[in-house]
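Okay, here's what each chain looks like letter by letter:
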Amino acid sequence: MEQKLAELKARLMEASDLYSALSVLEWDQTTYMPPGGAEARGRQMGLLGQMAHERSVDPAIGRLLDDLQPYAESLPYDHDDAALIRATRRQYEKDTKVPKELIGELITHTTNTYQTWTEARPANDFARVRPLLEKTLDLSRKVADCFPGYDHIADPLIDQSDYGMKAADVRRVFAELRAGLVPIVKAITSQAPTDDSVIYSHYPPQQQLDFGIGIIKQYGYDFNRGRQDLTHHPFMTKFSSGDVRITTHVKETDIRDALFSTLHEAGHALYEQGINPAYEGTPLNGGTSSGVHESQSRLWENIVGRSREFWEYYFPQLQAAFPDQLRAVSLDQWHRAINKVGASLIRIDADEVTYNLHVMIRFDLELALLEGSLEIKDLPEAWHNRYASDLGVTAPDDRDGVLQDVHWYGGLIGGAFQGYTLGNLLSAQFYGKALEAHPSIPTEIGQGKFDTLHGWLKENIYTHGSKFTAPELVERVTGGGLQVEPLLNYLRTKYGALYRL
Ligand code: ZN
């Protein structure tokens, strides 16, 4: 058994190394690559993706899994080897259903589409990406159809990122959340708008970056095993346990962009850096779902990084870094400005209260596209209509409308957005549990200390990687399932105080 397990791990490591090489190329493409490299890069990534896929569907892996099954069954459920065999089996069965030609075509296509999007968005030119997006929709349906027997065509795509969830489950949770959010939004937006002009002063980029880096070092992000670079749409990527990178985006006249995207991506990176290094090169070596991943980015960005205690500690330092811009601003004014609630156009800049309404719009549009009830050519108008009806705002163009998010232009249509809201829900559930275990956490945050919180998250969530599925992990940590009420309670308490509701 030992020999077979070692052989399985060696084969998994090969596939994982190829996927990591692919990730390096992707990271380079979105950070430093000149536009002229795009076409060849799409081809190179397509080839590497096919090679990695071939390794991961090698029938030898299937045979090893069969041989190892009795061993897995003889072990306790939470034994590392049992989890490895279970997770590999799940991945293998999924991977073997998608033909390698489709994988290669998909990677080449989305790489080219991403490049076109980086030019089409600033030019406000949806027509340029439209035919590419039509093909993406077609390919997304083909991927879904590799998994026949679904209830909804989005189910197999959702399952890839949030295992165990179906479109109907997500719809039910979203409806419950929306019913709780709308009255909070109404109560706040009926008040006089908050003055947040302080955010839009001129802030030199390098000082903005330095300030964010100072905070995430305190969070515990390890720069010996990571780095930060600039990109269009910030993301985190992992090449190995020893190399977990983040990216950001700086606006000279909006201090929130670099600051909060840095805290956000660092949250993703803390999760990946915290995974048991023994899982390197196996399917266990990564966050367990996009929802759980997002729970960590949003926890560090919002629950910690937009809290009153956090800024009691950091605001004097921020004032010292930007004296001309902030000398005359009080902590109160700053805290209200960065937590201003209002209907807005851009998801990643949205406040915590309205954010999930942005996600719901995208999720519904994705489902309509996959169902065939909405065509790509009508997508920009459908986008504007939903923003008007849900948030009461209309973008002046497609740049801040349908072109704003990278997801549909850099990946599949379907399965990309639900994780954001699932993550927000889970962030409140997990943080509540951390506070039960350590009521001193808010006081410590007010002293710039994050060790207790980081340690609790590491022990209860990070170290496990993908050893447990998201539903299993949530059950272990919270003693129950996914819940809407903890997030609503968090929002009611925080914004009730801020807006004296
Ligand atoms: Zn994120």
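Everything quoted here is computed from the prediction, not taken from an experiment.

**Q** Just give me the short version of the overall build of the chain, but keep the residues and values in it.
**A** Across its full length, the chain carries 22 helices and three strands. A principal-axis box enclosing the C-alpha atoms of the chain has dimensions of 70 × 50 × 45 Å. Split into buried and exposed, the 501 residues of the chain put 56% on the buried side. For the chain, the proportion of contacts with a sequence separation of at least 24, taken over those separated by at least 6, is 73%. When the accessible surface of the chain is totalled, it reaches about 20300 Å², and 51% of it is carbon and sulfur. Here the chain contributes 50 positively and 69 negatively charged side chains, and the mean placements of these two sets differ by 1 Å.

**Q** Outline helix H4 (residues 80-95), supporting the account with residue identities and numerical values.
**A** The end-to-end C-alpha separation of H4 is 22 Å, in line with the 22 Å expected for 16 residues at 1.5 Å each. Within H4 the residues assigned to the buried category are Asp81, Ala82, Ala83, Leu84, Ile85, Ala87, Thr88, Tyr92, Lys94 and Asp95. The inward-facing, buried residues of H4 contact helix H1 (2-31), helix H2 (38-56), helix H3 (59-74) and helix H7 (155-161).

**Q** I'd like to hear about the side chain of His454, residue by residue, with values.
**A** As for its position among the elements, His454 is in helix H20 (residues 451-460). Taking relative accessible area as the criterion, His454 reaches 10% and is therefore assigned buried. Apart from the residues lying within four places of it in its own chain, the contact partners of His454 are Tyr219, Gly220, Leu270, Trp300 and Tyr462.

**Q** Would you mind going over the coordination of the zinc ion in detail, with residue names and values included?
**A** Each protein donor to the zinc ion is listed here as His264 (NE2), His268 (NE2) and Glu294 (OE); together their distances run 2.1 to 2.3 Å. Counting along the primary sequence, the residues that act as donors to the zinc ion give the motif H-x3-H-x25-E. Here His268 is found in helix H10 (residues 256-273), whereas its partner Glu294 is found in helix H11 (residues 290-304), with 26 residues between them in sequence. According to the relative accessible area criterion, His268 is buried, its value standing at 9%.

**Q** For the domain arrangement of the chain, give the residues involved together with the corresponding values.
**A** When the domains of the chain are assigned, the result is domain 1 (2-150) and domain 2 (167-499). Measuring from the centre of the C-alpha atoms in domain 1 to the corresponding centre in domain 2 gives 26 Å. Taken together, the 41 residues of domain 1 in the interface contact 47 residues of domain 2. Counting each side, the surface lost to burial between domain 1 and domain 2 is near 3700 Å², with a carbon and sulfur contribution of 65%.

**Q** Give me the lowdown on the nonpolar core, citing residues and values where you can.
**A** One finds Tyr219, Trp300, Phe310, Trp311, Trp334 and Ile461 to be the most contacted residues of the largest nonpolar core, which totals 129 residues. Take this core: its biggest share by element is eleven residues, from helix H15 (residues 355-371). When we break this core down by domain, the ones giving at least three residues each are domain 1 (2-150) and domain 2 (167-499). What Trp311 contacts, discounting residues up to four positions off in sequence, is Phe211, Leu259, Phe260, Gly305, Arg306, Pro316, Leu318, Leu331, Trp334, His335 and Ile338.

**Q** Describe the pattern of salt bridges, listing the residues and the values that go with them.
**A** Oppositely charged side chains may form a pair once their charged atoms are brought near each other. Taken as a whole and assessed by the stated rule, the structure comprises 39 salt bridges. In this structure, the salt-bridge partner of Arg492 is Glu485, at a minimum N-O distance of 3.0 Å. Judged by its relative accessible area of 38%, Arg492 falls in the partly exposed class.

**Q** Account for the environment of Thr111, with residues named and values stated.
**A** As for its placement among the helices and strands, Thr111 is situated in helix H5 (residues 100-120). For the pair Thr111 and Arg43, spaced 68 residues apart in the sequence, the C-alpha separation amounts to 8.6 Å. The contacts of Thr111, once residues within four sequence positions are left out, are Gln29, Arg41, Gly42 and Met45.

**Q** Could you give an account of the pairing of strand E3 (residues 243-248), naming the residues involved and the relevant values?
**A** Most of E3 sits out of view: six of its six residues are buried. In this sheet, E3 lies alongside strand E2 (residues 236-240) in antiparallel orientation, the contact comprising four bridges. Residue pairing in the sheet places Thr237 in a bridge with Arg245 of E3. Taking the residues between adjacent antiparallel strands as the criterion, E2 and E3 are bridged by two residues.

**Q** Which residues make up the sheet that holds E2, and what values go with them?
**A** Adjacent strands of a sheet form backbone hydrogen bonds with each other and so pair up, either parallel or antiparallel. Taken in spatial order, the three strands make up an open sheet running E1-E3-E2, and their pairing is mixed. A strand with exactly one partner marks an edge of an open sheet, and here the two such strands are strand E1 (228-230) and E2. The mean angle between the axes of side-by-side strands here comes to 30 degrees, regardless of whether they run parallel or antiparallel. Across three bridges, E1 lies against E3 in parallel orientation. Looking at E3, one finds that Leu230 is bridged to Thr248.

**Q** Pulling in residues and values, what's your account of the environment of Leu473?
**A** With respect to the element layout, Leu473 can be found in helix H21 (residues 470-478). By relative accessible area, Leu473 is classed as buried at 2%. Leave out the neighbours within four places in its chain, and Leu473 touches Thr288, Val292, Asn460, Ile461, His464 and Phe468.

**Q** Before we move on, can you summarise the packing of aromatic side chains with the specific residues and values?
**A** Enumeration over the complete set of coordinates arrives at 23 aromatic pairs. When the ring of Tyr221 is compared with that of Phe223, the centres are 4.9 Å apart and the planes differ by 85 degrees; the resulting orientation is edge-to-face. Of the residues examined, Phe223 reaches a relative accessible area of 26% and is grouped as partly exposed. Between Phe315 and Trp334 the ring centres are 5.7 Å apart and the planes differ by 25 degrees, which places this aromatic pair in the stacked class. Of this pair, Phe315 sits in helix H12 (residues 308-321) while Trp334 sits in helix H14 (residues 331-338); the two residues are 19 residues apart in sequence, bridging distant segments of the chain. On the basis of relative accessible area, Trp334 is assigned to the buried category, the value being 0%. Following the ring pairs from residue to residue traces out a cluster consisting of Phe211, Tyr219, Trp300, Phe310, Trp311, Tyr313, Tyr314, Phe315, Trp334 and Phe450. Positioned above the aromatic ring of Tyr163, the side-chain terminus of Arg90 is 4.7 Å from the ring centre. The aromatic ring of Tyr499 is capped on one face by Arg336, whose charged end is 5.4 Å from the ring centroid.

Calculation rules
- Residues numbered from 1 in each chain as written.
- Predicted model: local features only at pLDDT ≥ 70, side-chain atom pairs only at ≥ 80, totals over all residues.
- Heavy atoms only, no water.
- Helix = DSSP H or I, 4+ residues; strand = E, 2+ residues; numbered from the N terminus.
- Buried < 20%, exposed > 50% of the residue type's maximum accessible area, 1.4 Å probe, protein only.
- Contact = heavy atoms within 4.5 Å.
- Areas by Shrake-Rupley, 256 points an atom, 1.4 Å probe, with all protein chains shown as cover.
- Lys, Arg positive; Asp, Glu negative; His and termini not counted.
- Charge placed at Lys NZ, Arg CZ, Asp CG, Glu CD.
- Expected span 1.5 Å × (residues − 1).
- Donors = N, O, S within 2.8 Å, 3.2 Å for Na, K, Ca; no water.
- Domains from an automatic or database assignment.
- Buried area = accessible area lost by both parts, 1.4 Å probe.
- Core = buried A, V, L, I, M, F, W, Y, C linked by side-chain atoms within 4.5 Å.
- Salt bridge = Lys/Arg side-chain N within 4 Å of Asp/Glu carboxyl O.
- Pairing = 2+ DSSP bridges.
- Axes fitted to C-alpha atoms, helices over the stretch in contact; angles between N-to-C directions.
- Phe/Tyr/Trp six-rings, centres within 6.5 Å; stacked < 30°, edge-to-face > 60°.
- Lys NZ or Arg CZ within 6 Å of the ring centre and 35° of its normal.

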